Amino acid sequence: MKKNESNLLFYVSLVITAVFAIWGLVNPQSLTTNLWKWVYDFHGTFNWFTISLPLVFLGILLSLAFSKYGKIKLGSEDTKPEFSTFSWIAMLFTAGIGVGLVNFGVAEPMVHYLHSPKGLAGGYDQIEAGKNALSLALYNWGIPAWTIYAISGLVIGYFAYHRNASFLPGSPIEEGFRDKPWGKKLGLITNIMASSAAALTVSASIGLGVFQVKNGLEAILGTEFPGLTSSLIILAVLFVGYTIPAILPLGRGMKFLGDFNIVIAISLLAFTFVFGPTRFFMEMILSTLGKTIIDLVPIGTNTFLLQEKGWFNDWPLTTLIWWISWTPFTGVFIARISKGRTIKEFVLASISIPTLFLVIWFSVFGGFGLLNDIVGDQTISGYVLNNPNDVYLSFIMVLQALPIFKITGAIFVVLIFVFLSTSATSSAIALSMMTNNGSENAPKMRTIIWSVIMVVIASANVVTGTLNGVKAVAVFLGIPYLFFLILQISAFLREIRREFSGKEA
Amino acid sequence: MKEITRLTYEKGLMEMSRGESILQALAIIAMIGFIIWNIKLIMEPLAEIEVSEDKVEKIKGKKELKVSSAEI
């Protein structure tokens, strides 16, 4: 990409990001209502498409992994992986899921349990509703989510390492369709769309995370922090926390954050596992693992025919589009850290390991919430039922029910903080790379500029409380990006067919 | 992202006007067309891809030639 094209990409993305941010600030109600209406119109017309898409992506990835193409390496034959397998998985995981793990670990299974057509609202008994709730949560967070990330990372990585293309979401289209007159233009539009979606999506997460950290601190200290000062201080600390690793060399900053996150998350999980009802957790993990695999096709093809679709729109469809709006930066980031991995290794590890971890995570934390409803005092389910707009506190409620909450609560706050920093760091790096010719090493100045832009949008949201507007934008931008993602995949399939036709990979 | 989405815009099929129904049908046909187009792109015969690549290169070459003559 030439320098003027790179500048065009940078400035147009900035303008689009600013337009949505200003609209959200000036008239949040109009932004929220209009964008959600359009998102719901899309869901209403294309739910059959969105819900089944992960199955199609999974079919493509597995066919590649177990064919001659599985042996293709991301890089030359003698390229060695840049990061250890543990660090690679840790970075994949924290960049891809991040803070959502703690936001939704308890809340999401509880919502499905209470409100989904396969839960209590659908007439199921408590035990069946509980099992279904975890399997639905895992459809939203497990194999489908990781399939979307994996396919995006693989496509960008393949073109970067095999065709010397830039680390840009638009590169596969530009390179793979270089024989088409529209290839280059569409590639540029993809990059613009991707940069804006990534900036807004992460800003929304940062804003949400600020409230989470504040909630956590209030619960640990047993005191309230009214007013905006505390939120803005948290945001300022967060800004420093994600900007410093972003300008350190990738190997140091991100590797440290990735490893740190996983160690803290596993510690919290292990604590809950040991001090909670361990035998129940073991039964729940096995049951959820089985249902996650068995229910993949039934859920992926269930359009809740002729049923009321409020829950279906709110959760499975919106979550899948939400993942797609994250792929511009997770795809670039995953591609960047996966040098030296074979397609088979990449596909199998990047889908199965995070999913397995999530099965355990949701079974333990979500399972605890369900148990609290079925045989306990129903405080957690009662809270989720009565506070549909702030279900996130349910995670803290699980920790509060266990011993030494002062310590685990503090760990929870650190976990949110570091998870958010990791997502924001990887996003700032990816945005910087995207808007600078897709260079392999992100230029520090652009990384800082994007870091500042993200914190400005997040602070504006914290001040005006318009998080929902930015979230609406992120999902809204995910819809057109979905079509570009499909074109990227087509370009990739076309390219490997061309490059390896008739020869052993 | 989810809490505000409790607002539901679900519209019963029977309440749809003729115009809305036609628009929806067109959108679905366009989506199916997009899927078919992608399959066609993937399955394009290899020889055809190379021929188009040459064509694009030739067009690019001509443009560059024009620019350089104009510059001269």
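Residues numbered from 1 in each chain as written. Chains lettered and ligands numbered in written order. Predicted model: local features only at pLDDT ≥ 70, side-chain atom pairs only at ≥ 80, totals over all residues. Heavy atoms only, no water.

Taking an unreviewed UniProt entry as the reference, chain A is identified by name as Glycine/betaine ABC transporter belonging to Propionigenium maris DSM 9537. Taken directly from UniProt, the Sequence similarities (unreviewed entry) text for chain A runs: "Belongs to the BCCT transporter (TC 2.A.15) family." Under the heading Subcellular location (unreviewed entry), UniProt records this for chain A: "Cell membrane". (UniProt positions renumbered as here; feature names shortened; annotations may be inferred.)

Caption draft 1: Focus on the overall build of chain A. Check the secondary structure of chain A and you find 20 helices and 0 strands. Its C-alpha radius of gyration of 22 Å places chain A within 12% of the 23 Å reference for a compact globule of 505 residues. By its C-alpha atoms, chain A is 65 × 50 × 45 Å across when sized along the principal axes. The buried share of chain A, reckoned over its 505 residues, is 63%. For chain A, the proportion of contacts with a sequence separation of at least 24, taken over those separated by at least 6, is 83%. With 32 positive and 26 negative side-chain charges, chain A shows a spacing of 10 Å between the two charge centroids. (Helix = DSSP H or I, 4+ residues; strand = E, 2+ residues; numbered from the N terminus. Rg over C-alpha atoms; globule rule 2.2 N^0.38 Å. Buried < 20%, exposed > 50% of the residue type's maximum accessible area, 1.4 Å probe, protein only. Contact = heavy atoms within 4.5 Å. Lys, Arg positive; Asp, Glu negative; His and termini not counted. Charge placed at Lys NZ, Arg CZ, Asp CG, Glu CD.)

Caption draft 2: Highlighting the UniProt feature "transmembrane region" (unreviewed entry) in chain B. Within this structure's numbering, the places UniProt gives as "transmembrane region" (unreviewed entry) are residues 21–39 of chain B. Split by type, residues 21–39 of chain B is 100% helix and 0% strand. Its first and last C-alpha atoms lie 27 Å apart.

Caption draft 3: How the structure looks around the side chain of A:N132. Position of A:N132 among the secondary structure elements: in helix 6 (residues 126–141). Not counting residues up to four positions away in its chain, the partners in contact with A:N132 are A:K118, A:Y124 and A:K291.

Caption draft 4: Representation of empty space enclosed by the protein. Residues and elements named next belong to chain A. According to the stated counting rule, one finds 4 cavities of 30 Å³ or more in the structure shown. Looking at the second largest cavity, its volume works out to about 40 Å³. Lining the second largest cavity, in full, are S135, L138, Y139, I143, P144, K291, T292, D295, L296 and I299. Taken together, the elements giving at least two residues each to the lining of the second largest cavity come down to helix 6, helix 7 (143–162), helix 12 (278–294) and helix 13 (296–300). Within the lining of the second largest cavity, the residues separate by chemical class into 6 nonpolar, 2 polar and 2 charged. (1 Å grid on protein atoms, 1.4 Å probe; cavity = no way out; pocket = protein on both sides within 12 Å on 5 of 7 lines; lining within 4 Å. Points joined across faces, edges and corners; volume = space filled by probe spheres on them. Nonpolar A, V, L, I, M, F, W, Y, C, P; charged D, E, K, R; others polar.)

Caption draft 5: Summary view of the environment of A:T17. All names here are of chain A. Positionally, T17 belongs in helix 1 (residues 3–26). The buried category is assigned to T17, whose relative accessible area is 1%. Placed 456 residues apart in sequence, T17 and V473 show a C-alpha to C-alpha distance of 9.6 Å. Among the polar contacts made by the side chain of T17, one reaches the main-chain carbonyl oxygen of S13 at a distance of 2.6 Å. (Polar contact = N/O pair within 3.5 Å; in protein donor to acceptor, adjacent residues only side chain to side chain.)

Caption draft 6: Just the packing of helix 9 (residues 183–221) of chain A against helix 14 (residues 310–337) of chain A, in detail. All names here are of chain A. One way to put it is that helix 9 packs onto helix 14 with a least axis distance of 8 Å and a crossing angle of 115°. Between helix 9 and helix 14, the angle falls in the class roughly perpendicular. Relative to helix 14, helix 9 is oriented so that their crossing is left-handed. Of helix 14, the residues touching helix 9 (which contributes A194, A197, A198, T201, V202, A204 and S205) are W322, S325, W326, P328 and F329. Of the residues that constitute the contact of helix 9 with helix 14, the class distribution is 9 nonpolar, 3 polar and no charged. (Axes fitted to C-alpha atoms, helices over the stretch in contact; angles between N-to-C directions. Parallel < 35°, antiparallel > 145°, perpendicular 65-115°, else oblique. Left-handed = near helix turned anticlockwise from the far one by under 90°.)

Caption draft 7: Geometry of the pattern of salt bridges. Residue and element names in this part refer to chain A. Under the criterion given, the structure shown has 15 salt bridges over all chains. E175 is the salt-bridge partner of R163, the closest N and O atoms lying 3.7 Å from each other. Here R163, found in the loop between helix 7 and helix 8 (171–176), pairs with E175, found in helix 8; they are 12 residues apart in sequence, far enough to count as distant. A salt bridge links E283 to R279; the shortest N-O distance between them is 3.2 Å. On the criterion of helical spacing, the pair formed by E283 and R279 is a turn pair, its members being 4 residues apart in helix 12. Among the charged side chains, a network of salt bridges with common partners joins R163, E175, R178, E495 and R498. (Salt bridge = Lys/Arg side-chain N within 4 Å of Asp/Glu carboxyl O.)

Caption draft 8: Region of interest: the confidence of the model for chain B. Residue and element names in this part refer to chain B. Here chain B averages 68 in pLDDT, while 42% of its residues score no lower than 70. Confidence drops under a pLDDT of 50 for residues 1–11, and excluding neighbours within four residues, the segment shows 37 contacts in the predicted structure. This model gives residues 67–72 a pLDDT under 50, and the stretch forms 0 contacts once residues within four places in sequence are excluded. Complex prediction metrics read pTM 0.86 and ipTM 0.83. (pLDDT = per-residue confidence, 0-100.)

Caption draft 9: Representation of the packing of aromatic side chains within the structure. Residue and element names in this part refer to chain A. Under the counting rule described, the total for this entry stands at 33 aromatic pairs over all chains. Look at W36 and Y40: their rings are 6.0 Å apart centre to centre, the planes differ by 65°, and that puts the pair in the edge-to-face class. A residue pair is termed a helical-turn pair when its members lie 3 or 4 positions apart in one helix, as W36 and Y40 do in helix 2 (residues 28–65) at 4 residues. Take W36: its relative accessible area is 0%, and that puts it in the buried class. Consider the rings of F395 and F412, whose centres lie 5.4 Å apart with planes at 20°: the pair is stacked. With F395 in helix 17 (residues 394–400) and F412 in helix 18 (residues 405–434), this pair connects stretches of sequence that are 17 residues apart. Just as F395 is buried, F412 falls in that class too. By the ring-pair criterion, three or more aromatic residues cluster together here, those being F104, W141, W146, Y149, W315, W323 and F362. Positioned over the ring face of W88 is R341, at 4.4 Å from the centre of the ring. The residue whose ring lies beneath R446 is F10, and the NZ or CZ to ring-centre distance is 4.3 Å. (Phe/Tyr/Trp six-rings, centres within 6.5 Å; stacked < 30°, edge-to-face > 60°. Lys NZ or Arg CZ within 6 Å of the ring centre and 35° of its normal.)

Caption draft 10: Here's a closer look at the confidence of the model for chain A. Averaged over every residue, the pLDDT of chain A is 86; residues scoring 70 or more account for 93%. Within chain A, the element-level pLDDT minimum falls on helix 3 (residues 85–96) of chain A, averaging 77, and the maximum on helix 12 of chain A, averaging 95.

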